[in-house]
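Chain residues, written in single-letter form:
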Amino acid sequence: MEARAGKTQACGTICLKYLLLLFSILFWLAGGAVLAVGVWTLVEKSDYISLLNSSLYSASAYILIAAGVIVIVTGIIGCCATLKEKKSLLIVYLCLLLCIFLLEVIAGVLAYITYQECFPFCYQLNEELRQNLKMTMQQKYKQPGEDSVTQAVDKLQQEFKCCGSHNYSDWLENAWIQSNEHLVPDSCCKTHIELCGRRDHPSNIYKVEGGCITKLEEFILSQLYILGAVGIGIACLQLVGMMFTCCLYRNLEEDPL
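I will try to describe carefully the structure that is included in this document. This one's a predicted model, so the numbers in the text were calculated from it and none came from an experiment.

## With respect to the pattern of salt bridges
Here is step 1 of the chain: Following the criterion strictly, the structure yields three salt bridges and no others.
Here is step 2 of the chain: With its nearest N and O atoms 4.0 Å apart, the salt bridge here joins Lys134 to Asp170. Taken together, the residues span a long stretch of sequence, with Lys134 in helix α4 (residues 122-140) and Asp170 in the loop between α5 (147-160) and α6 (175-179) at a distance of 36 residues.

Printed below as a string of structure tokens:
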């Protein structure tokens, strides 16, 4: 009878071991995905997000990268703790999972409180960003020493299919536009060819599609929704992982030497 109970206990420990190993691998992959999103945001999107003259969005990319690295390291520790069946490593793994989970909860609560407090004034923040983008376009586009801004603006308008910050008329105050017989930059054109910006008919440029700041805000908001959904998914996964870790630790403690 005791032998059967011991065998059942050993089977339970093996099952928990493989379940926790599977969780650690999934957690490690989730960290890799978060890291990849952070690097992608920084490399592919920071050039025109920087046009807003706000460090908030670049900071969010660095936070994603840091979070991804921490989750990857935690996942590796989890795999080592599970394979080696080291109770000390399991405690470290459990503490790391708990710390990450608590940080996610705190970040979520602070984000919600901040949004509730700023809600009546959120439009003012958006308007400030709109004005920053408008001034950047009008004052720096095609100006000496501002090649990076010019390239970022052209990429922004082509990728989001927009023209100007608020609308195409923002370009009328740009010095380069005024001195080169253009109505808008060539990057505003639906078919991008040289000198196409001399004609502002809706069939030629993104005239009725709206300004770039609206499209950029929509993009950032969609990324925040995705980030929130991923955060909730990882948090739920962590709860399962902490449960498996506690059960495996308890079973290892009870296993005969």
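## Some thoughts on the nonpolar core
The tendency in soluble globular proteins is for nonpolar side chains to be buried side by side.
Here is step 1 of the chain: The biggest cluster of nonpolar side chains holds 26 residues, and the ones touching the most others in it are Leu51, Leu133, Met137, Val153, Leu156 and Trp171.
Here is step 2 of the chain: Contributions of two or more residues to this core are made by α4, α5, α6 and α7 (212-254).
Here is step 3 of the chain: Formed by 20 residues, the second largest nonpolar core is a distinct cluster that contains Val34, Tyr93, Phe101 and Leu248.

## Brief notes about the state of the cysteines
Here is step 1 of the chain: A full pass over the atoms with the stated rule returns three disulfides.
Here is step 2 of the chain: One disulfide in the model links Cys163 with Cys188; its S-S distance is 2.2 Å. Handedness of the Cys163-Cys188 disulfide follows from its S-S torsion of about 85°: it is right-handed. Residue Cys163 is found in the loop between α5 and α6, and its partner Cys188 is found in the loop between α6 and α7; the two are separated by 25 residues along the sequence.
Here is step 3 of the chain: When the bonded cysteines of the protein chain are numbered from the N-terminus onward, they pair as 1-6, 2-3, 4-5.
Here is step 4 of the chain: This cysteine, Cys80, is not joined by any disulfide, and Cys79 carries the nearest cysteine sulfur, 6.9 Å off.

Rules behind the numbers
- Residues numbered from 1 in each chain as written.
- Predicted model: local features only at pLDDT ≥ 70, side-chain atom pairs only at ≥ 80, totals over all residues.
- Heavy atoms only, no water.
- Salt bridge = Lys/Arg side-chain N within 4 Å of Asp/Glu carboxyl O.
- Helix = DSSP H or I, 4+ residues; strand = E, 2+ residues; numbered from the N terminus.
- Core = buried A, V, L, I, M, F, W, Y, C linked by side-chain atoms within 4.5 Å.
- Buried < 20%, exposed > 50% of the residue type's maximum accessible area, 1.4 Å probe, protein only.
- Disulfide = S-S within 2.5 Å.

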